[in-house]
Amino acid sequence: MATNKKSAARAPAPASEQTPAAVPAFTREEELAAYRQMLLIRRFEEKAGQLYGMGLIGGFCHLYIGQEAVVVGMQMALKDGDQIITGYRDHGHMLASGMDASGVMAELTGRRGGYSKGKGGSMHMFSMAKNFFGGHGIVGAQVALGTGLGFANQYRGNDAVAVAYFGDGAANQGQVYESFNMAELWKLPVIYVIENNRYAMGTAVTRASAQADFSRRGVSFNIPGEQVDGMDVRAVRAAGDRATKWCREGNGPIILEMQTYRYRGHSMSDPAKYRSREEVEKVRHEQDPIEQVRARLLEKKWVGEDDLKKIDAEVRDIVNRSADFASSDPEPDPAELYTDVYR
Amino acid sequence: MPIQVLMPALSPTMEKGNLAKWLKQEGDAVKSGDVIAEIETDKATMEVEAVDEGTLGKILVPAGTTDVAVNTPIAVILGNGENAADLGTAAAPAAPPSEAKAPSSEAKAAPAPQTEAPAIAAPEPEVPPGTEMVTLTVREALRDAMAEEMRRDDDVFVMGEEVAEYQGAYKVTQGLLQEFGPKRVIDTPITEHGFAGVGVGAALAGLKPVVEFMTFNFAMQAIDHIINSAAKTLYMSGGQMGCSIVFRGPNGAAARVAAQHSQDYSAWYSHVPGLKVVAPYSAADAKGLLKAAIRDPNPVIFLENEILYGTSGEVPRLDDYVVPIGKARIACAGQHVTVVAWSNGMTYALRAADELAKEGIEAEVIDLRTLRPMDTATIVTSVRKTNRLVTVEEGWPQSGVGAEIAARVMEQAFDYLDAPVTRVSGKDVPMPYAANLEKLALPSVADVIAAVKAVLYR
């Protein structure tokens, strides 16, 4: 479209062709902020699981436990005005983008104080104020929509970047590649974050993907990509920094494959028989994103156990209040059935 | 035997064109594949190639002639050994077209649905008396609507396949690239699902895309974004995030393009809450409703019709002619029966009304114009007067728009009906290719007349 520049000699792809450098260290404040955010997501999701078990949350509920470092690290690389869009495993993205826990939880329980007044549910929440564009239930739809967000940034001539999150499962949808083609053709500022949690519902990546190195999924469009340790929030943030810089400099889209893991089933109704308990436990013990930060904080003596307990208590308090609100807030007024169909 | 060169049809719906220029002159030798002339239609300029070898014996239609009907002999080619004396009757301009050589002889045998629109009823009552009227084709009216809205609002842009440099596959976006530049008139790859999603994403971010589908048949690949992403987001976001977007393009049967390219999506989209669905017939409505659609804060499906693109009508010359979405128009008043149609269905309805008038039957023809929200009140008011209703659509009968109208009239005017509501529709089959079968598959003027007589028990 507007930019008819012939793609001149490309700048070298960011990190993919470099030897993986040592992960840049966080400051104390950064470690603490990441710890707190990741913990909020984990505790929130655990609570959502409880409420689901109590019958307060209905339908589908996809928990983000295990993947927290991805959204938290990416969010640390973004600035005001950047847009976020994702699929149905979206609670973590909403909390990371600064949406209020009570509003999110009340949406999960279908109450009037939810972000969508109870009409969207777990998979469909939005916040204009936080530039969070959903929350989309159709696998892969957010990739084309997110490309459209990048298009809008270019059209307006601002320097905002759109971040489209999707999973290893969605990465096999056709519209992903239609989007890649247009994004590179038009040099749109879009970061495609592929959250590879190793299973598309119950199907392991190797059983569904001819090319399981998702950082290479843009190769035929000349979109650079890199694989990132998605369990290490510092590595994610560093990759996010490189990617936002790449986009803001007008180089077009970029792919970040976040190698991560989900501890829970695909959704609440998934018994997760397709993998062993040992596999899950191994990741939990060796790679847990929150434990990594916690260990560093203690090792460097930046905080003591008591300080962390205090943070834990604050986070639990936020989550408990959100659950209380989501349980006590009334359901939507029946008159809301017919509102918001048209503007 | 001299060979006639006939005015070719350049598209399934072309009926006439202009002879722009001759590239060979009388006496020039021509061989198969030589370009001998250039033909213009309102959509395109095309070259006419010689099919036969010989000498260009006589030019029958001079360069610069406009509105030359398809199959009119335009020149005569003399074979080896023939000379001007052999021209004989072959050179007579009025000679009937040669069946064997005519590239579009099928089109003549079974004319495409008529492009010669019946008289269009008086335009909108809201037009102030004394307003100057200009004659525009539907195609020009649509283009003008987009251009006016793009001048008015920088957030409006047009995207789709061939909309920019090619000037539109059906020339609806002609000139927009030149006026607005490549930033706002965007050629996309052939990637309907993808660019529909990109358009919706841009709309969620606050822009106002006009997404052209080369035809709505191809929008089937994009229907997930139209329905799941565009139509539902306002509701799913509790009213936070709207989607001001127009999906437009030709809908329904063109001519002789068979099942996958001949489908009417009126009923499909009108089923969906969150969408508005507009299907204009006249040039004035095409302009006024497209302007309204672009300004509408909701996703609007704007169903055009290829057959109607070239038809002309009077359009008020006003700075800002906007026709409200959701209002039907009484195209002609009558006492005996109500006929409801829209888009190209109006062609059959108005012709039938003309025929019926000769038998003293006064049909009230309503141009529905918008399918969703449907102007049920105008239909019901008319039925209360005429007590009889016929619906006309090109789409399939089951779960069609006619079925919906029948249900509403049954619910709201049951006691006023003196006969069952009768639907005229496309037949319940995929569109066949053969000319005779295609004609049978589409509704016809005769079908409408028969239905009207049936509800009048005549």
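All residue numbers refer to position in the chain's written sequence, counted from 1. Labels follow written order: the first chain is A, the first ligand is 1, and so on. Only residues with pLDDT of 70 or above have their local features reported here, since the model is predicted, and side-chain atom pairs are shown and tallied only from 80 upward, although totals for entire chains, interfaces and linings are computed over all residues. Each side-chain value is derived from all of the structure's non-hydrogen atoms; neither hydrogens nor water enter the calculation.

Caption draft 1: Quick look at the overall build of chain B. By the criteria applied, helices consist of DSSP H or I runs no shorter than four residues and strands consist of E runs no shorter than two, each listed in order from the N terminus. When helices and strands are tallied, chain B shows 14 helices and 22 strands. Using C-alpha atoms as the atom set, the radius of gyration is obtained and then compared with a globule rule of 2.2 Å times the number of residues to the power 0.38. For 458 residues, the compact-globule estimate of 2.2 N^0.38 gives 23 Å, and the C-alpha radius of gyration of chain B, at 24 Å, lies within 12% of that figure. Principal-axis analysis of the C-alpha atoms places the extent of chain B at approximately 80 × 60 × 45 Å. Burial classes follow relative accessibility: with a 1.4 Å probe on protein chains only, a residue under 20% of its type's maximum area counts as buried, one over 50% as exposed, and anything between as partly exposed. Across the 458 residues of chain B, 60% fall into the buried class. Exposure was quantified through the Shrake-Rupley algorithm and a 1.4 Å probe, taking into account, for residues, occlusion by the shown protein chains and nothing else. Surface exposure of chain B reaches about 17,500 Å², of which carbon and sulfur atoms provide 52%. Neither His nor the chain ends contribute to the count of charged residues, in which Lys and Arg are positive and Asp and Glu negative. Each charge is placed at NZ for Lys, CZ for Arg, CG for Asp and CD for Glu. Within chain B, one finds 39 positive and 59 negative side-chain charges whose respective centroids are separated by 4 Å.

Caption draft 2: Geometry of the overall build of chain A. A count of helical and extended segments in chain A gives 11 helices and eight strands. A compact globule built from 343 residues should have a C-alpha radius of gyration of about 20 Å, and chain A, at 20 Å, falls within 12% of that. Residues counted as buried form 57% of the 343 residues belonging to chain A. We call two residues in contact whenever any of their non-hydrogen atoms come within 4.5 Å of each other. The contacts of chain A with a sequence gap of at least 6 include a subset with a gap of at least 24, amounting to 76%. Carbon and sulfur atoms form 51% of the exposed surface of chain A, whose accessible area is close to 13,900 Å². In chain A, which carries 42 positive and 44 negative side-chain charges, the distance between the mean positions of the two groups comes to 2 Å.

Caption draft 3: The arrangement of the sheet that holds strand β21 (residues 389–392) of chain B in detail. All names here are of chain B. Taken in spatial order, the five strands line up as β17-β19-β18-β21-β22 in an open sheet, and their pairing is mixed. If you trace the sheet from one side to the other, it starts and ends with β17 (329–332) and β22 (422–424), each paired once. Averaged over all adjacent pairs, the angle separating strand axes in this sheet is 25°, with direction ignored. Strands are treated as partners if at least two bridges between them are detected by DSSP. Bridge count for β17 against strand β19 (residues 363–367) is three bridges, and the pairing is antiparallel. The partner of Ile 330 across the bridge, within β19, is Ile 366. Across the face of the sheet, helix α10 (residues 345–358) comes into contact with β17, β18 (337–341), β19 and β21 while running at roughly 165° to β19. Every angle, taken between N-to-C directions, lies between 0 and 180 degrees, and every axis is a line fitted to C-alpha atoms, over only the stretch in contact when it is a helix.

Caption draft 4: Geometry of helix α10 (residues 289–299) of chain A. Residues and elements named next belong to chain A. Residues Pro 289, Ile 290, Val 293, Arg 294, Arg 296 and Leu 297 constitute the buried set of α10. Here the buried residues of α10 occupy an arc of 165° about the axis, which is enough to place them on one side. The term polar contact refers here to a pair of N or O atoms within 3.5 Å; inside protein, the definition further demands a hydrogen-donor-capable atom paired with an acceptor-capable atom, and it admits residues adjacent in sequence only when both atoms are side-chain atoms. Regarding α10, its N-cap is Asp 288, as a side-chain oxygen of that residue lies 3.0 Å from the backbone nitrogen of Ile 290 further along. Following α10 by one or two positions, Lys 301 has its phi on the positive side, about 55°. The directions from the helix axis to the C-beta atoms are what the arc is built from.

Caption draft 5: Main features of the interface of chain A and chain B. Each partner contributes to the interface: chain A provides 38 residues, whereas chain B provides 48 residues. For the chain A and chain B pair, buried surface summed over both sides reaches about 3,600 Å², with 65% attributable to carbon and sulfur atoms. Among the residues of chain A in contact with chain B, Tyr 155, Tyr 342 and Arg 343 of chain A are the three that bury the most area, contributing 23% of the side total. Within this document, salt bridges are pairs made up of a side-chain nitrogen of Lys or Arg and a carboxyl oxygen of Asp or Glu, the two lying within 4 Å of each other. Across the contact surface, chain A and chain B share zero salt bridges. Our count for the contact surface shared by chain A and chain B stands at 21 residue pairs in polar contact (both at pLDDT 80 or more). When contributions to the side of chain A that touches chain B are tallied by element, the ones reaching two or more residues are β2 (132–135), α5 (141–156) and α6 (174–185) of chain A. Residue contributions to the side of chain A that touches chain B peak at 10 residues, all from α5 of chain A. Amino acid classes used here: Ala, Val, Leu, Ile, Met, Phe, Trp, Tyr, Cys and Pro are nonpolar; Asp, Glu, Lys and Arg are charged; the rest, including Gly, are polar. Among the residues making up the side of chain A that touches chain B, the classes are represented as 21 nonpolar, 10 polar and seven charged. Accessible area that two parts lose when put together, with a 1.4 Å probe and added across both, is what the buried area reports.

Caption draft 6: Examining the packing of helix α4 (residues 101–108) of chain A against helix α11 (residues 305–328) of chain A more closely. All names here are of chain A. Relative to each other, α4 and α11 sit at 40°, their axes nearing to 8 Å. For the element pair α4 / α11, the angle class is oblique. Crossing angle aside, the handedness with which α4 passes α11 is right-handed. Of the residues in α11, those touching α4 at Ala 101, Ser 102, Met 105 and Ala 106 are Ile 318, Arg 321, Ser 322, Ala 323, Phe 325 and Ala 326. Class assignment for the residues of the contact of α4 with α11 results in seven nonpolar, two polar and one charged. The labels follow the angle: roughly parallel below 35 degrees, roughly antiparallel above 145, roughly perpendicular from 65 to 115, and oblique for the rest. In this scheme, a crossing is called left-handed if the near helix is turned counterclockwise away from the far one by less than a right angle; it is called right-handed if the turn is clockwise.

Caption draft 7: Structural view of the packing of α5 of chain A against helix α4 (residues 192–204) of chain B. One can describe the packing of α5 of chain A onto α4 of chain B by two numbers: an axis separation of 6 Å at closest approach and a directional angle of 55°. Overall, the two elements α5 of chain A and α4 of chain B adopt an arrangement that is oblique. Relative to α4 of chain B, α5 of chain A is oriented so that their crossing is right-handed. On the side of α5 of chain A, the interface is formed by Ala 144, Leu 145, Thr 147, Gly 148, Leu 149, Phe 151 and Ala 152 of chain A, while α4 of chain B contributes Gly 194, Gly 197, Val 198, Val 200, Gly 201 and Ala 202 of chain B.

Caption draft 8: A look at the nonpolar core. In terms of nonpolar packing, the biggest core is built from 79 residues, with Phe 151 of chain A together with Phe 213, Phe 247, Tyr 269 and Ile 405 of chain B touching the most fellow members. No other element matches the seven residues that α4 of chain B contributes to this core. What is meant by a nonpolar core is a set of buried Ala, Val, Leu, Ile, Met, Phe, Trp, Tyr and Cys residues, joined one to another through side-chain atoms within 4.5 Å. Counting residues in each nonpolar core, the second largest holds 67 residues, with Leu 39, Met 105, Met 125 and Ile 290 of chain A among its members.

Caption draft 9: Representation of unusual backbone geometry in the model. A cis amide bond, omega 0°, links Arg 372 of chain B with the succeeding residue Pro 373 of chain B. Within the secondary structure, Pro 373 of chain B sits in the loop between β20 (370–372) and α11 (376–386). The residue Asp 340 of chain A is not glycine, and still its phi comes out positive at about 70°. Looking at where Asp 340 of chain A falls in the secondary structure, it is placed in the segment after α11.

Caption draft 10: View of the packing of aromatic side chains. Pairing of aromatic rings covers Phe, Tyr and Trp, the last counted by its six-membered ring, and requires centre-to-centre distances within 6.5 Å; plane angles under 30 degrees mean stacked, over 60 mean edge-to-face, and any other angle means tilted. Going through the model one piece at a time under the given rule, you end up with 18 aromatic pairs over all chains. Here the aromatic rings of Tyr 155 of chain A and Phe 157 of chain B are separated by 5.2 Å at their centres, their planes lie at 40°, and the arrangement is tilted. A residue pair is termed interchain when its members come from two chains, as with Tyr 155 of chain A in helix α5 and Phe 157 of chain B in strand β10 (residues 156–160). When its relative accessible area of 4% is taken as the criterion, Tyr 155 of chain A is described as buried.

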